[in-house]
Amino acid sequence: MPAVTRLSPPDPIDALLSAHGLRRTGAARLVLGWLLAHPDTSYTHAQLQTALQDARAADGEGAGEGGGTLDRVTLYRLIDRLTQVGLLLCRVDVNRVRRYQAMPASVHALPHFECQSCHRDQPLQGALQGNALDLEVAAQSALQALKALGYQGLSLDLAVRGVCADCATAASIAPTPAVTP
């Protein structure tokens, strides 16, 4: 009786990397896997490096293929390549700090709110609910119009800036200093 060989399904991260013409290195799998596992979080380069190191330390991974620490230059180059092929979204916040997050394949605009007080970056997709579809349609229309004019490699970033509800509440509760005559 011949042996039956079962093929395991392809790793989705490897498939994404291959589909975008990237090498399937341990570092690439680690970075893309982390960002896909945390789709609603945007990271600065330093925050991403710390998160990856903490996760690897918690898993007890050592040196070797995909092991050890991911140096900052390798991480810079990797996130740059992932951004160029459209797997990551890179935004520059109000303080001119670059933030990276996974770019869902079906999304052309990721609205987010940047608090000018606490500097938190919060996704707005859930908050917009029904209006998120209107935003997506507007983003697709804008991108199609620009493509028709010959522009290439387009992405759209919608940033709303202001003071978040937590900071606004804290500011209204804060006691005013007493003035002594």
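Structure report, in brief. As a convention, each chain's residues are numbered from 1 in the sequence order in which they are written. Reporting of local features is limited, given that this is a predicted model, to residues whose pLDDT is at least 70; pairs of side-chain atoms are given and counted only at 80 or more, and all residues count toward the totals for whole chains, interfaces and linings. Excluding hydrogens and water, the side-chain figures rest on all heavy atoms present in the structure.

When you go through the protein residue by residue, the secondary structure sums to seven helices and five strands. Note on conventions: DSSP H or I runs of at least 4 residues are helices, E runs of at least 2 residues are strands, and numbering of each starts at the N terminus. Listing each helix as α and each strand as β along the protein from the N terminus yields α-α-α-α-β-β-β-β-α-α-β-α. Taken across its 181 residues, the protein has 29% of its residues classed as buried. What makes two residues a contact is simply this: any of their non-hydrogen atoms within 4.5 Å. When contacts within the protein are restricted to residue pairs at least 6 apart in sequence, long-range pairs at least 24 apart make up 50% of them. Summing over all exposed atoms, the protein offers an accessible surface of approximately 11900 Å²; the carbon and sulfur share of this is 55%. For every residue, the accessible area (1.4 Å probe, protein chains only) is compared with the maximum for its type, and the residue is labelled buried under 20%, exposed over 50%, or partly exposed between those bounds. Residue exposure ignores everything except the shown protein chains as possible cover, and the areas themselves are Shrake-Rupley values with a 1.4 Å probe.

In this section: a nonpolar patch on the surface. Think of a patch as exposed residues, more than 30% relative accessible area, with no salt bridge, where like charges cluster within 9 Å and nonpolar side chains (Val, Leu, Ile, Met, Phe, Trp, Tyr) cluster within 5 Å. Should a side-chain nitrogen of Lys or Arg be within 4 Å of a carboxyl oxygen of Asp or Glu, the pair is scored as a salt bridge. A contiguous nonpolar patch, built from L146, L149 and Y151 and spanning about 330 Å² of accessible area, is present on the exposed surface. You can see L149 is positioned in the loop between α6 (131–148) and β5 (156–162). By relative accessible area, which is 66% here, L149 ends up exposed.

Between N-to-C directions, angles cover 0 to 180 degrees, with each direction set by a line fitted to C-alpha atoms, over the stretch in contact for helices. For the pair helix α2 (residues 26–37) and helix α3 (residues 45–59), interaxial distance at closest approach is 11 Å and the crossing angle is 100°. The orientation of α2 with respect to α3, classified from their angle, is roughly perpendicular. Touching L30, V31, W34 and L35 of α2 are L48, A51, L52, A55 and R56, all from α3. Looking at the contact of α2 with α3 residue by residue, the class counts come to eight nonpolar, no polar and one charged. Angle categories are assigned with fixed cut-offs, so that under 35 degrees is roughly parallel, over 145 is roughly antiparallel, 65 to 115 is roughly perpendicular, and the rest are oblique. Here the nonpolar group is Ala, Val, Leu, Ile, Met, Phe, Trp, Tyr, Cys and Pro; Asp, Glu, Lys and Arg are the charged ones; every other residue, Gly included, is treated as polar.

So, on to the side chain of R99. Locating R99 in the fold gives a position in strand β2 (residues 98–102). Relative accessible area serves as the criterion here: at 13%, R99 is assigned to the buried category. Throughout this description, a polar contact denotes any pair of N or O atoms lying within 3.5 Å of each other; where both atoms belong to protein, one of them has to be capable of donating a hydrogen while the other can accept it, and for residues adjacent in sequence the pair is counted only when both atoms sit in side chains. A polar side-chain atom of R99 sits 3.4 Å from a polar atom in the side chain of Q47. In contact with R99, other than residues within four places in its own chain, are S42, Y43, T44, Q47, L89, C90, R91, D93, H119 and D121.

By nonpolar core we mean a set of buried residues, namely Ala, Val, Leu, Ile, Met, Phe, Trp, Tyr and Cys, connected to one another through side-chain atoms within 4.5 Å. L17, V31, L35, L48, L75, I79 and L82 are the most contacted members of the largest nonpolar core, which totals 20 residues. When contributions to this core are tallied by element, the ones reaching two or more residues are α1 (12–19), α2, α3, α4 (72–84) and β2. Contacts of L75, omitting those with residues within four sequence positions, involve V31, H45, L48, Q49, L52 and L70. Formed by five residues, the second largest nonpolar core is a distinct cluster that contains F113, C115, C164 and C167.

With that settled, the discussion passes to the packing of α3 against α4. As a packed pair, α3 and α4 sit with axes 11 Å apart at the nearest point and diverge in direction by 115°. As judged from the angle between their axes, α3 and α4 are roughly perpendicular. Crossing of α3 over α4 shows right-handed handedness. Across from H45, L48, Q49 and L52 in α3, the residues of α4 making contact are R72, L75, Y76 and I79. The sense of a crossing depends on the near helix, which, turned anticlockwise from the far helix by less than a right angle, makes the crossing left-handed and, turned clockwise, makes it right-handed.

Shape descriptors only; they carry no functional weight alone.
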